[in-house]
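# Understanding the architecture of this molecule
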Amino acid sequence: MVRRSLRQKLQKFAGLCGWEERLRVRGGDKAREGQEDSKISGEGLLGEVGPSNKVKRSCPSCGPEPGGEEKKGRGNPISVQLFPPELVEHIISFLPVRDVVALGQTCHYFHEVCDAEGVWRRICRRLSPRLREQGSGVRPWKRAAILNYTKGLYFQAFGGRRRCLNKSVAPLLAHGYRRFLPTKDHVFILDYAGTLFFLKNALVSSTLGQIQWKRACRYVVLCRGAKDFASDPRCDTVYRKYLYVLATREQLEVVGSTGSQACDCVEVYLQSSGQRVFKMTFHHSMSFKQIVLVGQETQRALLLLTEEGKIYSLVVNETQLDQPRSYTVQLALRKVSRCLPHLRVTCMASNQSSTLYITAFDPLDQQMPLALSLPAKVLFCALGYNHLGLVDEFGRIFMQGNNRYGQLGTGDKMDRGEPTQVLYLQHPIALWCGLNHSLVLSQGSDFSKELLGCGCGAGGRLPGWPKGSASFVKLHVKVPLCACSLCSTRECLYMLSSHDIEHHPAYRDLPASKVVGTPEPNPRAGVLQDPGGTAWACKEYLNQIHSCSTLQDRMAKMKQIVGWMPLMAAQKDFFWEALDLLQKAAGGVSQGPPNP
């Protein structure tokens, strides 16, 4: 059947070529003297056959080129739509992903062809030959192809002479990157197929024949069927000795029987070698989706979130995990789920001594606890050593906690007991809180991404700002185009790149009545004088500049204000460079970002 189908396609294509040959003969001797060129127009791809058998591109829906008359050496054009669709899709599938997307934006015909699942199935098989299933979603093959095309783990070391962005090894078996976690010596990555990869640091030989220590240059498969994983919640990776993996395994129903059923379990691995040292299996009726850790090594509490939004906990002693013995641990319902059974938890975050829960928002529920007074629903959060960050449904960032080093980004060093909004930042892609600094991954109006940071800058934690900053400033880091999450350790900054076409920003438009700094409407004017609060913010910026005593302090404050304002990346670089020139002309020393 396959050979018959291919034979029919070839016969159809041969008949088309014969028709093209007749067109060429009909053109006369003038057609033999012409030369062909090609160009792309708005609505499609047309071709005409000449002596050199080249194809000319023009619009099939608009007909011939303007002018109407045939030029010297040219016959009648034919449409590319006469070619078999399978042949066109097969040819397009050999293009790079970037070119396929660009070609699909040229006209309506190529938009439909380049958006076909057959094209993306071939591209996905080319990018990931070992991927057997297309995954889930409305567009499974396109989603799988883009996930594998954009996947990448980038890192930038804080120490050393060369402080540039590097890319780790990319596992060929990985189906996109969902999340990652750096430990003391290595990095662990979980893909969308549930495979957990172990990226190792190793000694390798450089192109000059020198032996050098390279980060995340080799990989092995640690386990399959993983749902989530966690390690010591402290920011210092020295304490991350063990890796806890929440996975699904097949278990025998009864001893001696052949039947099996899926059960969730927690497996503990040594981060240094990847050896499994402990395993605990739960009843098949309990299904979990997230795991976090809290507490010290001797009283390590494992918090497990079920699909129904309930939280269970168990306590283990990490100092005894390497001893070969078997014992039973007790799984208990957490207090928040026991005392408030109607409360459904959707996500968790933890540090060494605290846990943050994001619950399902129900405005009609009068009994729902509001431990943190926020005016809107929280989408995601980040929990540091002694401060936290929240992002609500309108894309606003709220910070709370200790502010000794300015890690809250509020422009001062005053502690906040309540969530305080960072006015000049909106719609972040990712938020991360560390020991005494915070990072925000944002996207500009021109779709370029940049990394902002505040707090302590010691040890290179804020590249380009060694003295730190009490406000969020742009860091000297080249951010990948598809970066989606980040993490910082004592030695290195990590950014995960992955684009999921089914994950769209869930931010809503903020009502005008809730905009901070929006004045009251004037009945006589009929419209708001300052609907976005821009004038109010500029007045506050001027007051901050006037409060500075010296010219150098005012220049430094102006550089911070430029970083706060919602400008494009090129505009910010222009203002920073202009301020550097003015500061040098005044006899000062430049402290801002370098020349772009």
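Remember, it's a predicted structure, so these values are computed and weren't measured experimentally.

## Quick look at the overall build of the protein
Secondary structure summary: the protein contains 11 helices and 28 strands in total. Residues classed as buried in the protein amount to 44% of the 596 residues present. Pairs at least 24 residues apart make up 48% of the contacts formed inside the protein by residues separated by at least 6 positions.

## As for the pairing of strand β28 (residues 492-497)
Among the 6 residues in β28, 6 count as buried, and that is most of the element. Going residue by residue along β28, you find Cys492, Tyr494 and Leu496 tucked away on one face and Leu493, Met495 and Ser497 tucked away on the opposite face as well. Here 6 bridges tie strand β3 (residues 152-157) to β28, and the two strands are oriented antiparallel to one another. In the strand pairing of β28, Tyr154 is matched with Met495. Of the pairings in the sheet, the one linking strand β27 (residues 483-488) to β28 comprises 5 bridges and is antiparallel in character. Bridge pairing in β28 links Ser485 to Leu496. Connecting β27 to the next strand, β28, in antiparallel fashion are 3 residues.

## Considerations on the packing of aromatic side chains
One pass over the structure, following the stated rule, counts 8 aromatic pairs. A ring pair is formed by Phe155 and Tyr494, whose centres lie 6.4 Å apart and whose planes are at 45°; its orientation type is tilted. Note that Phe155 is positioned in strand β3 and Tyr494 in strand β28, a separation of 339 residues in sequence. On the basis of relative accessible area, Tyr494 is assigned to the buried category, the value being 4%. When the ring of Phe180 is compared with that of Tyr494, the centres are 6.2 Å apart and the planes differ by 50°; the resulting orientation is tilted.

## Comments concerning the packing of helix α3 (residues 85-92) against helix α6 (residues 117-127)
One can describe the packing of α3 onto α6 by two numbers: an axis separation of 9 Å at closest approach and a directional angle of 40°. By the criterion of interaxial angle, the relationship of α3 to α6 is oblique. In terms of crossing hand, the pair formed by α3 and α6 is right-handed. Listed contacts from α6 to Glu86, Glu89, His90 and Ile92 of α3 are Gly118, Val119 and Arg122.

## Quick word on the sheet that holds strand β14 (residues 300-306)
Strands in a sheet are paired, the pairing made by backbone hydrogen bonds, and the direction either parallel or antiparallel. Ordered by their spatial adjacency, 4 strands build an open sheet running β13-β14-β15-β16, and the pairing between neighbours is antiparallel. What marks the edges here is a single partner per strand, and that holds for β13 (288-294) and β16 (332-333). One ladder, built from 6 bridges, connects β13 with β14; its direction is antiparallel. From the neighbouring strand, Phe288 faces β14, where its bridge partner is Thr306.

## Looking at the side chain of Glu89
Position of Glu89 relative to the elements: it lies in helix α3. You can call Glu89 buried: its relative accessible area is 18%. Look past the residues within four positions of Glu89 in its chain and what remains in contact with it is Val113, Ala116, Gly118, Val119 and Arg122.

## Quick look at the environment of Met565
You can see Met565 is positioned in the loop between α10 (551-564) and α11 (569-585). The class of Met565 is partly exposed, set by a relative accessible area of 27%. Not counting residues within four places of it along the chain, the set of residues in contact with Met565 comprises Tyr541 and Lys572.

## Observations regarding the sheet that holds strand β22 (residues 416-426)
Spatial strand order, β19-β20-β21-β22: 4 strands in an open sheet with antiparallel pairing. The open sheet has two edge strands, β19 (378-383) and β22, and neither has a second partner. Averaged over all neighbouring strand pairs, the angle between strand axes comes to 25°, with direction disregarded. Direction of pairing for β19 relative to strand β20 (residues 387-392): antiparallel, over a ladder of 5 bridges. Pairing of Val378 across the sheet is with Asp392, part of β20.

## A short note on the side chain of Ser350
Summarising the element assignment, Ser350 is placed in strand β17 (residues 345-350). Exposure remark for Ser350: the relative accessible area of 15% places this residue in the buried category. A distance of 2.6 Å separates a polar side-chain atom of Ser350 from the backbone oxygen of Leu293. With sequence-adjacent residues up to four places away left out, Ser350 is seen in contact with Pro233, Val292, Leu293, Thr355 and Leu383.

## Focus on the nonpolar core
If you look at the biggest cluster of nonpolar residues, it comprises 30 residues, and the most contacted ones within it are Leu153, Phe180, Leu439, Leu451, Leu475 and Leu486. If you list the elements that add at least two residues to this core, you get β3, β6 (187-190), β7 (196-205), β23 (430-433), β24 (437-443), β27 and β28. Here this core gets 5 residues from one element, more than from any other, and that element is β28. Apart from residues no more than four positions distant in its own chain, Leu486 is found in contact with Phe180, Ala430, Trp432, Leu439, Leu441, Leu451, Tyr494 and Met495. Ranked by size, the runner-up nonpolar core spans 22 residues in total, among them Val80, Tyr109, Ala116 and Val119.

## Structural notes on the pattern of salt bridges
Applying the stated criterion across every chain, the model contains 17 salt bridges. The partner of Lys227 in a salt bridge is Asp264, with the nearest N and O atoms 3.0 Å apart. Within this pair, whereas Lys227 is found in strand β9 (residues 226-230), its partner Asp264 is found in strand β11 (residues 260-270), the two being separated by 37 residues in sequence. Ionic pairing is found between Arg300 and Glu318, a salt bridge with its closest N-O pair at 3.0 Å. Of this pair, Arg300 sits in strand β14 while Glu318 sits in the loop between β15 (311-316) and β16, placing them 18 residues apart in sequence. The burial state of Arg300 is the same as that of Glu318; both residues are buried. Counted as one network, the salt bridges with shared partners bring together Asp232, Arg234, Glu297, Arg300 and Glu318.

Rules used in this analysis
Residues numbered from 1 in each chain as written. Predicted model: local features only at pLDDT ≥ 70, side-chain atom pairs only at ≥ 80, totals over all residues. Heavy atoms only, no water. Helix = DSSP H or I, 4+ residues; strand = E, 2+ residues; numbered from the N terminus. Buried < 20%, exposed > 50% of the residue type's maximum accessible area, 1.4 Å probe, protein only. Contact = heavy atoms within 4.5 Å. Pairing = 2+ DSSP bridges. Phe/Tyr/Trp six-rings, centres within 6.5 Å; stacked < 30°, edge-to-face > 60°. Axes fitted to C-alpha atoms, helices over the stretch in contact; angles between N-to-C directions. Parallel < 35°, antiparallel > 145°, perpendicular 65-115°, else oblique. Left-handed = near helix turned anticlockwise from the far one by under 90°. Polar contact = N/O pair within 3.5 Å; in protein donor to acceptor, adjacent residues only side chain to side chain. Core = buried A, V, L, I, M, F, W, Y, C linked by side-chain atoms within 4.5 Å. Salt bridge = Lys/Arg side-chain N within 4 Å of Asp/Glu carboxyl O.

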